[in-house]
Amino acid sequence: MFRLALATMLMVLVSCGTDEGEAGPGGDATYRVSDCGGFASATKSTYGAGYCDANVLAWSHDAATGKLTLTDRRVLLNCCGDHSVTVTQEAGTFVVTELDAPQDGMRCRCMCVFDFEVTLDVSAVSGPVPIKLIRDVTDDDQPAQTVFSGTLDLSQGQGSEVLDSSDADPWCDPAQDPQPQDPQPQDPQPQ
């Protein structure tokens, strides 16, 4: 039994890593999701000033390429999760959906901060770009949550929106080296 638990824990630790891929049909959107601790932690640098203070949607637009990059920073989620991003368009609005699902049916007994980043081709859009950001934690028995809905004025080049200023302590602490701990089997969900 101990060997099974140890093997499961090692599998969870080894499989933790930056997730990335295509987020939209035809390769017009790509995404990446940080390891536990955010992108800054993955490069072994310190958290930027104010990183732990709030969940922030930062954006930047490259007018030459028509690419819009959205970075959802300091998203507080369970340490053990499979993460992905999808992008669709609904009535001219770019709908960005961040997914967090149990990793191999397991969750850990700890929370971590993650960064989600998606790059979209908005070269065909003129004027402000409508964005809707949805977060879907698939096993929390709650519907997917809209965390931002609005327009971005790309003529500004870059900007940010505070999404949540709730305290993330102790899960977002630059002095800590967050690591997933003790994977636990997910209780079966009634169907």
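Rules used in this analysis
- Residues numbered from 1 in each chain as written.
- Predicted model: local features only at pLDDT ≥ 70, side-chain atom pairs only at ≥ 80, totals over all residues.
- Heavy atoms only, no water.
- Disulfide = S-S within 2.5 Å.
- Helix = DSSP H or I, 4+ residues; strand = E, 2+ residues; numbered from the N terminus.
- Buried < 20%, exposed > 50% of the residue type's maximum accessible area, 1.4 Å probe, protein only.
- Salt bridge = Lys/Arg side-chain N within 4 Å of Asp/Glu carboxyl O.
- Polar contact = N/O pair within 3.5 Å; in protein donor to acceptor, adjacent residues only side chain to side chain.
- Contact = heavy atoms within 4.5 Å.
- Phe/Tyr/Trp six-rings, centres within 6.5 Å; stacked < 30°, edge-to-face > 60°.
- Lys NZ or Arg CZ within 6 Å of the ring centre and 35° of its normal.
- Pairing = 2+ DSSP bridges.
- Axes fitted to C-alpha atoms, helices over the stretch in contact; angles between N-to-C directions.

Asks: Break down the state of the cysteines for me, with residues and values.
Replies: Tallied over the entire structure, the rule returns 4 disulfides. A sulfur-sulfur separation of 2.3 Å characterises the disulfide bridge that pairs Cys79 with Cys112. Looking down the S-S bond of the Cys79 and Cys112 bridge, the torsion is 90 degrees, so its handedness is right-handed. Residue Cys79 is found in the loop between β4 (67–78) and β5 (81–90), and its partner Cys112 is found in strand β8 (residues 111–121); the two are separated by 33 residues along the sequence. Neither residue differs from the other here; Cys79 and Cys112 are each classed as buried.

Asks: Any chance you could break down the pattern of salt bridges for me, citing the residues and the numbers?
Replies: On inspection of all chains with the given rule, the structure shows 5 salt bridges. Between Arg135 and Asp72 there is a salt bridge, with its nearest N and O atoms 2.8 Å apart. Of the two residues, Arg135 is situated in strand β9 (residues 129–137) and Asp72 in strand β4; the sequence distance between them amounts to 63 residues. Residue Asp72 is classed as buried on the basis of its relative accessible area of 1%. If you follow the salt bridges from partner to partner, you end up with Asp72, Glu98 and Arg135 in one network.

Asks: Any details on the side chain of Asn78? Residues and values, ideally.
Replies: Structurally, Asn78 is set in strand β4. For Asn78, the side chain forms a polar contact with the main-chain oxygen of Cys108, separated by 2.8 Å. Among all residues touching Asn78, those that are not within four sequence positions of it are Arg107, Cys108, Cys110, Met111, Cys112 and Phe114.

Asks: Outline the packing of aromatic side chains, listing residues and values.
Replies: Evaluation of the coordinates by the stated rule reveals 0 aromatic pairs. Its end group placed over the ring of Phe39, Arg32 keeps NZ or CZ at 3.8 Å from the ring centre.

Asks: A description of unusual backbone geometry should follow, citing residues and the corresponding values.
Replies: Not every positive phi belongs to a glycine, and Arg74 is a case in point at roughly 65 degrees. Among the secondary structure elements, Arg74 is positioned in strand β4. A positive phi angle, near 50 degrees, is found at Ala91, a position not held by glycine. Note that Ala91 resides in the loop between β5 and β6 (93–102).

Asks: Requested: an account of the sheet that holds β5, with residues and values cited.
Replies: Spatial strand order, β5-β6-β9-β10: 4 strands in an open sheet with mixed pairing. Of all strands in the sheet, those bounded by a partner on one side alone are β5 and β10 (145–152). Strand after strand, the sheet turns through a mean of 15 degrees between neighbouring axes, direction not considered. Inspection of the sheet shows β5 paired to β6 by 10 bridges, in the antiparallel sense. Its bridge partner being in β6, Gln89 is matched across the sheet by Phe94.

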